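# Descriptive analysis of the structure
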Amino acid sequence: GGGGSTASQLEEVSLGVSTPSYANKNRERKGSGGVGHPEPPRPARVRGPAPLSVQFIEVLRKRWNCAKRDPVGRFYEVILPILLVALVMLILLLNISPSGPSLELETQMYNLLGNTSPEPYVTAPVTPPSNVGFSTRVEQNLLGTGVNLVGMSPSIKDSTNMSLYLLDTRFENLKFAGYCPDDEILIEYPENLKEGLQLSGVNNGEVVANANYTEVRPELTIMHNSTGYHSIPAHFAAYTKAQLQDQTDDAGADYEVASHPLPLTARKSLELKAILSLFAALFILIPYCYVPATFVVFIVRERAVKAKHLQLVSGLTQWVYWLGTYVWDLINYIIIVLGTMLVFRAYQDEDLTGDTESFNAVLTLFCLYGMATIPLSYSLSFLFENHTTAQISIAGILFVKGFLLVITSALLDGISGTAEINETLKFYYRFSPAFCLGEGLINLSVRRLRNLLLGENTSPWDEEVIGRAIKYLVAEVFVFCLLTLAIEYKLTKKAFRGCKSVWASCCGRGGSGSGAEDGAGAGQGYPEDEDVAEERKRILSYPGSSTDFVCLRNLTKVYGNGTRAVDRLCLGIPRGQCFGFLGINGAGKTTTMKMITGEVGVTSGSAFVMSMNAETQRTEVRKHMGYCPQFDPLFDRMTAREHLWHYATIRGIRRDRIFPIITQVLDTVGLNLYADIPAGTYSGGNKRKLSLGLALIGEPSVVFLDEPSSGMDPVSRRFMWDVIERVARRCCVILTTHSMEECEALCSRIGIMVGGRLRCLGSTQHLKNRFGKGYNLEAKLDPARFADFESFMRKHFPLAVIAEKLSNGILRYELPRDGVSLAHIFGLIEKNKSELGLTNYSVSQSSLERVFIQIAEKDYSAGEGGNGSPSNAVALMAPGEARCDSEAWDRKDHHRRNPLAKNGSEVELATLQLQRTATNEGFVGDADGEEGLIVGSTVGASGMGSESKQKPQGATNGVEILASI
Ligand SMILES: Nc1ncnc2c1ncn2[C@@H]1O[C@H](COP(=O)(O)OP(=O)(O)O)[C@@H](O)[C@H]1O
Ligand SMILES: [Mg+2]
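Residues numbered from 1 in each chain as written. Chains lettered and ligands numbered in written order. Predicted model: local features only at pLDDT ≥ 70, side-chain atom pairs only at ≥ 80, totals over all residues. Heavy atoms only, no water.

Looking up the protein in an unreviewed UniProt entry gives the name ABC transporter domain-containing protein, with the organism given as Lotharella globosa. As recorded by UniProt, the Subcellular location (unreviewed entry) comment attached to the protein reads in full: "Membrane". Quoted verbatim from the Sequence similarities (unreviewed entry) heading of the UniProt record, the comment on the protein is "Belongs to the ABC transporter superfamily. ABCA family." (UniProt positions renumbered as here; feature names shortened; annotations may be inferred.)

Right, let's talk about the site of ligand 1 for a bit. Around ligand 1, the surrounding shell consists of Tyr559, Asn561, Thr563, Ala565, Ile584, Asn585, Gly586, Ala587, Gly588, Lys589, Thr590 and Thr591. Interatomic distance of 2.7 Å between a backbone N/O atom of Gly586 and an oxygen atom of ligand 1. At 3.2 Å from an oxygen atom of ligand 1 is found a main-chain nitrogen or oxygen belonging to Ala587. Summarising the interface, the protein chains cover 66% of the accessible area of ligand 1, which totals 560 Å² for the free molecule. It is helix α20 (residues 589-597) that contributes the most residues to the shell around ligand 1, three residues altogether. Partitioned by chemical class, the residues of the shell around ligand 1 number four nonpolar, seven polar and one charged. (Near = heavy atom within 4 Å. Polar contact = N/O pair within 3.5 Å; in protein donor to acceptor, adjacent residues only side chain to side chain. Areas by Shrake-Rupley, 256 points an atom, 1.4 Å probe, with all protein chains shown as cover. Helix = DSSP H or I, 4+ residues; strand = E, 2+ residues; numbered from the N terminus. Nonpolar A, V, L, I, M, F, W, Y, C, P; charged D, E, K, R; others polar.)

Take helix α29 (residues 822-836) next. Along α29, the helix axis deviates most sharply at Glu830, where the bend reaches about 35°. Along α29, the residues classified as buried are Leu822, Ala823, Ile825, Phe826, Leu828, Ile829, Glu830, Asn832, Lys833 and Leu836. (Bend = angle between axes of the 7 residues up to and from the residue. Buried < 20%, exposed > 50% of the residue type's maximum accessible area, 1.4 Å probe, protein only.)

Moving on, we come to unusual backbone geometry. The phi dihedral of Asn554 falls on the positive side, at around 50°, and the residue is not glycine. Residue class for Asn554 comes out buried when judged on its relative accessible area of 12%. Positive phi, close to 50°, is recorded for Met610, a residue that is not glycine. Structurally, Met610 is set in the loop between β10 (604-609) and β11 (612-613). Given the relative accessible area of 7%, Met610 is considered buried.

A cluster of basic side chains, namely Lys490, Lys493, Lys494, Arg497 and Lys500, defines a positive patch on the protein surface. Take Lys493: it is sitting in helix α18 (residues 491-506). (Patch = residues over 30% accessible without salt bridge, like charges linked within 9 Å, V, L, I, M, F, W, Y side chains within 5 Å. Salt bridge = Lys/Arg side-chain N within 4 Å of Asp/Glu carboxyl O. Lys, Arg positive; Asp, Glu negative; His and termini not counted. Charge placed at Lys NZ, Arg CZ, Asp CG, Glu CD.)

Coordination of the magnesium ion (ligand 2) by the protein involves Thr590 (OG1) and Gln630 (OE1), with metal-donor separations of 1.8 to 2.3 Å. Here Thr590, found in helix α20, pairs with Gln630, found in the loop between β12 (625-628) and α22 (640-651); they are 40 residues apart in sequence, far enough to count as distant. By relative accessible area, Thr590 is classed as buried at 17%. (Donors = N, O, S within 2.8 Å, 3.2 Å for Na, K, Ca; no water.)

Read from one edge of the open sheet, six strands run β12-β13-β14-β9-β15-β16, paired in mixed fashion. Edge strands, defined here as strands with exactly one partner in the open sheet, are β12 and β16 (757-762). For this sheet, the mean angle separating the axes of adjacent strands, direction not counted, is 15°. In the sheet, β12 pairs with strand β13 (residues 702-706) via four bridges, with the strands oriented parallel. Bridge pairing in β13 links Met625 to Val702. Running over the sheet, helix α25 (residues 714-730) touches β9 (578-583), β13 and β14 (732-736) and is turned about 140° from β14. (Pairing = 2+ DSSP bridges. Axes fitted to C-alpha atoms, helices over the stretch in contact; angles between N-to-C directions. Contact = heavy atoms within 4.5 Å.)

So, on to helix α24 (residues 684-696). Across its 13 residues, α24 extends 19 Å between first and last C-alpha, which sits within 8% of the 18 Å expected from 1.5 Å per residue. Burial analysis of α24 places 11 of its 13 residues in the buried class, the great majority of the element. By the burial criterion, the buried members of α24 are Gly685, Asn686, Arg688, Lys689, Leu690, Ser691, Leu692, Gly693, Leu694, Ala695 and Leu696. Looking at the residues trailing α24, positive phi occurs at Gly698, about 85°. (Expected span 1.5 Å × (residues − 1).)

Applying the stated criterion across every chain yields a total of 30 salt bridges. In this structure, Glu599 and Lys306 form a salt bridge, with 2.8 Å as the shortest nitrogen-oxygen distance. One end of the pair, Glu599, is in the loop between α20 and β10; the other, Lys306, is in the loop between α9 (266-304) and α10 (307-313), with 293 residues separating them in the sequence. Here Lys306 falls in the partly exposed class, since its relative accessible area comes to 22%. For Arg812, the salt bridge identified is with Glu778, shortest N-O distance 3.0 Å. Of this pair, Arg812 sits in strand β19 (residues 810-815) while Glu778 sits in strand β17 (residues 775-781), and the two are 34 residues apart along the sequence. Note on accessibility: Arg812 and Glu778 belong to one class, buried. Where salt bridges share partners, they join Glu535, Arg538, Asp548 and Arg749 into one cluster.

Moving on, we come to the sheet that holds β10. Read across the open sheet, the four strands follow the order β8-β7-β10-β11; overall the sheet is antiparallel. Strands at the two margins of the open sheet, each flanked by one partner only, are β8 (564-573) and β11. Sheet topology note: the β10/β11 ladder contains two bridges and is antiparallel. Across the sheet, Phe608 pairs through a bridge with Asn613, a residue of β11. The sheet contacts of helix α19 (residues 530-541) involve β7 (550-558) and β8, and relative to β8 the element is tilted by about 70°. Sitting on the sheet, α20 touches β7, β8 and β10, and the angle it makes with β7 is about 110°.

Structural data, given as structure tokens:
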């Protein structure tokens, strides 16, 4: 009910104006074969991608949408670098110039024992008779109190002797002595000072005052310990104080002597500041190496989740994508630069922002650095698939190329032997923008100093300052931008290949050959199935391109590691067909889609979409293409609505039509509840729904859906089937899935791919008929009684073959359909079941799943045998089976409200209440019977074998009976 109405809304949306009637689309749907469509492919609606300016704005809007919900990312990208710069600039605040309080100088300074003790390094002069008062004062000033004067040994005649004497006696009572040439007197310290003297390490130095008095002016020689910085002034002060007291005759006369550091000279302080700002300039490189690396995170992730590819498929122009990205990143970068300049200003960095000229120079330098480094990181980003690795590695590369190179260069410059070589090397260093930045900043930092000290008169823009760096940076901006675009457009790869082929031809090695053995199957292992061979013939017989919407001709993909993922695939899919691409994991389904959508290159062969070559006319082709990749190509921080807006705009849908379309798509895929929640928070199924919505928006003529239902709940899945069903009518849908049920529900034609090649091709029914003929009998019984059962079977069904014999008591037989009726089998077994000891048993027709497993199994065991002609396949077949499980219920339910199934009037889906007695083949039960023992049954009312006409998917002939008795 509700589902139906919303689904029809999507139809209106995706069909645009023209909604074909049911009758039309039924005519369009071919049962099997997919024989060439008579009319040439004409898309329902051709619409070019949006104008470039609109695309450009969309790229920016996308970034804004993602950025605004990511404050943490913003912090790391923009705020953190500015904070780092601020931190680095703290260096400038280091205060190296000396200041502080004055140091008062007195002999007591060297008194290590406290105030009461005299300074132990000094002896007093001898008092000359002529001026007793003065010498006493000197003595007091030098020694303080408590010193005994004793007679000195006559051997001590001079200062040398004195020192030796002191050294010899340092552990004795006599510690210090002074002498006077006239009257030799030894001063002995009191005993109580001995310990202290030893502690203070007397041998460190002995200070002796030698008063050499004359009659008039006493001459004083002060011998001092040179390890005491201030001992001369201190002792001299003691002496002059004594003089002062002597002159003024005032024993209390005193003055202070102090030492105070001189302020730095202008030159010295300039030097210091220049060194600091040089360091600051160097360390600023660290945040600036990290900044461009953070910008690649988004683009690497976008590429890894295929969101970029989907945008390109939706019509985004590659260079516009890069331009938008570049502009967005530059805006972020300029915010960082402005923040940096503010920090410089705040720190009053005279050298970098002192005058307008320097300010402008620094600003230019930073901007050019960003403009060059950002595309450089873009180019490097192509090397990485993981955004974290990309960020760390690129930051590392920039760091080595910048910071370390600057330091290396500075070191080499400093060593006289290497300075000259370094001048030459700098030419190469400058290819790294970070080196240019570092060099420029350092040159600017020391420019003022050089001007002052060396008398130079340079302006910031001069060649030796930043002029050269700027020239290099300007060139690098262009070089790296072009490099990015060249990589994007795979020019580098082509150039590389060109070089390789030139080299190969020079060396006389033949062309690569490219494995172009074409045509009919006789490749490896087994011969091609007849249906597949027929399709190949049909495709290859077209002169130019076929009339199919999608046409693959010998499409081949060999990956770089030698994996032949797709091997000479030939397939045509007409309009209105939903083609089911089946195959085990690694069969090459996704690779096929990737080749058609242009995500990976085609090794050989070609793919045509709407008669246009998917490789050479990529832009044209993409207008008609919708793609839902295997993994959700979503931006975690964008909501469903924003996603739809983004892709709708890129697709070129007019602005006034976008809103209703978005609303309706949201309705249709059932994402209304989540429309305004970031996609990163969605469950797997909801992500899938959004991816599907993105593939459908913009009315593409060809829709590729790679496992669209994986991870979806059964309700959503059925909902999605309705959507796909409707879309498939007017365009052509290529679908891969692992759900056979889905395939039966949706696909009018199925190809099973094994190892890169189609193993079989046709409608569901066709495949079942060809590969799943007969019935499948599964019995569960005691393994001990297997022999009885086997003989029973041999007797009654001599053609039955044992397909499977499991130790858990399951025995599976395969019975050819010819000549045996289901009723007969059923009746016979029912009659004998207790005798045979059957716990339960089932009889069924082969299901698609059986067919698939059997075909895929062949691949697993491929290599052994490899004999099978097409008819052999039947013999190899594993028995089919059908289960009446809840999913089967759902399917029937789906079919019941599936307009197509209804339209195919020969399909009757019934739930049967099974009678215990045997029934005839073709028996039809009560279609509405619900309760009781249930058998899932699909009954073909029309005769078997006539299904080729107008048979929609899902119709199966015969009766499937599962009985539990
Ligand atoms: N980028 C790649 N490089 C090398 N081999 C790849 C690459 N992608 C896929 N393959 C290989 O190609 C084969 C087909 O893969 P794929 O197309 O993804 O299978 P499917 O979608 O059918 O599960 C696999 O064997 C896979 O390992
Ligand atoms: Mg796949």
